[in-house]
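What follows is the residue order along each chain.
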Amino acid sequence: MEITQIEAIPFTIPYRKPLRFASGEVHAADHVLVRVRTSDGAVGVAEAPPRPFTYGETQAGIVEVIRQIFAPQIIGLTLLQREVVHARLAGTVGNPAAKSALDMAIWDALGRSLGRSVSELLGGYTDQMRVSHMLGFAEPAEVVAEAEQMRELYGIEVFKVKIGRRPMSIDTASVRALRQHFGESVELYVDGNRGWTASESLRAMKEMADLGLVFAEELCPADDVLGRRWLVSKLDIPFVADESVPTPADITRHMLSGTATAVSVKTARTGFTRSQRVHHLAEGLGVEMVMGNQIDGQLGTACTVSFGSAYQLTSRRAGELSNFLDMSDDLLMEPLQIRDGVLPVPSGPGIGVEIDPEKLNRYRIDC
Ligand code: MUC
Ligand code: MG
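Residues numbered from 1 in each chain as written. Chains lettered and ligands numbered in written order. Predicted model: local features only at pLDDT ≥ 70, side-chain atom pairs only at ≥ 80, totals over all residues. Heavy atoms only, no water.

Here we come to the domain arrangement of the chain. When its domains are assigned, the chain resolves into domain 1 (3–115 + 356–363) and domain 2 (120–344). Put simply, the middle of domain 1 and the middle of domain 2, counted by C-alpha atoms, are 23 Å apart. Summed over both sides, the interface of domain 1 with domain 2 buries roughly 3600 Å², with 60% coming from carbon and sulfur. For the pair domain 1 and domain 2, the interface holds 4 salt bridges. The salt bridge partner of D329 is K359, with a shortest N-O separation of 2.9 Å. Across the contact surface, domain 1 and domain 2 share 25 residue pairs in polar contact (both at pLDDT 80 or more). When contributions to the side of domain 1 that touches domain 2 are tallied by element, the ones reaching two or more residues are β1 (3–21), β2 (24–38), β3 (43–48), α1 (52–55), α3 (82–90), α4 (96–114) and α15 (357–363). It is β1 that provides the largest number of residues to the side of domain 1 that touches domain 2, a total of 9 residues. Residues belonging to the side of domain 1 that touches domain 2 are distributed by class as follows: 24 nonpolar, 6 polar and 11 charged. (Domains from an automatic or database assignment. Buried area = accessible area lost by both parts, 1.4 Å probe. Salt bridge = Lys/Arg side-chain N within 4 Å of Asp/Glu carboxyl O. Polar contact = N/O pair within 3.5 Å; in protein donor to acceptor, adjacent residues only side chain to side chain. Helix = DSSP H or I, 4+ residues; strand = E, 2+ residues; numbered from the N terminus. Nonpolar A, V, L, I, M, F, W, Y, C, P; charged D, E, K, R; others polar.)

Rendered as structure tokens:
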């Protein structure tokens, strides 16, 4: 079970249509496949999706930090020394996607060695999750059409709507159009990706007060400390911290200072080992959790559902598990299938999915 080799393979898969939101936009999945090999032949994989506009990581940076900094610290450890891996990676402050993919590839290899799914090894609470779909910026009619298509094709009835532009009516109109179109049959929440000030956010939330939203996420920057506390104190729904909580310590700070009341956990940002800490902390604090989406491909989505399904708290709400549908293709032998608004946990050992070598050859950009 000794880790003998770590590969970081950059690949690019175009999106069918771009996903746009207040902090950036994505036209292609410029991701990195991380592959871990062991002395007894086990191979684990995971995917790092850089979000340069949020965390400053890039595809090229992830490849180099893994090759130059992280791999030499980890090669020679065994798959069971996950806490040693965590402690060594934690010595570097940033690079969340690179560290998370390494951690998850190790868990995948461990699951394969033991013949058990990662979801079972983590907690084994359930074998599926309800799906929430993220709707990017577009005209209200287009936003409604996309949601309608997601309901028709995949049975999805939970939507996170991206907001945060000026004038704010461009976005609130989309949320209103969704509610008018679907009535009470869908669950809606919003994510501002820090686009507004605290006072703009409150004005928008008042304008949408009759729309039955269940969460508001990152409406304004976390660094507007008092403004954000003021905003959160005025809301009567949970305020989800997402990019403002890359570490468990950030969660503690936000919850104790009243600048957030719920947590989005992204396996692309905290892997499995750190996401466990995030889960246990949130449970101890008594705050709700949502399985978020760092605009993952199918491999990253398989990681998200593996973690989310492992615990009661993370599987209670619908997880953001469907934006790989915006991609023109993917790397897996067997694509993930969402039916009746539900994504099952892939059934094999580890994360339960296999990389198609032909597709990897087609989309890798390093040879
Ligand atoms: C989200 O929930 O914010 C957009 C940027 C990012 O890092 O994740 C996505 C979705
Ligand atoms: Mg978010």
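Anyway, onward from the coordinates.
What follows is about the site of ligand 1. What surrounds ligand 1 is a group of 14 residues, the closest being K160, K162, D191, N193 and K266. Measuring from an oxygen atom of ligand 1, one finds a side-chain N or O atom of K162 at 3.0 Å. E217 places a polar side-chain atom, nitrogen or oxygen, 3.2 Å from an oxygen atom of ligand 1. More than half of the atoms belonging to ligand 1 lie within 2 Å of the grid points that define the largest cavity. Considered class by class, the residues forming the shell around ligand 1 number 3 nonpolar, 4 polar and 7 charged. Structurally, the shell around ligand 1 is a two-domain feature, drawing no fewer than three residues from each of domain 1 (3–115 + 356–363) and domain 2 (120–344). (Near = heavy atom within 4 Å. 1 Å grid on protein atoms, 1.4 Å probe; cavity = no way out; pocket = protein on both sides within 12 Å on 5 of 7 lines; lining within 4 Å. Sits in = over half its atoms within 2 Å of the grid points.)

The subject of this paragraph is unusual backbone geometry. Cis geometry marks the peptide bond from R166 to P167, where omega comes out at -10 degrees. When you line up the elements, P167 lands in the loop between β5 (158–162) and α7 (169–182). Positive phi, normally seen in glycine, also occurs at D340, with a value near 50 degrees. With respect to the helices and strands, D340 occurs in the loop between β11 (319–320) and β12 (342–344). Residue D340 is classed as exposed on the basis of its relative accessible area of 74%. (Buried < 20%, exposed > 50% of the residue type's maximum accessible area, 1.4 Å probe, protein only.)

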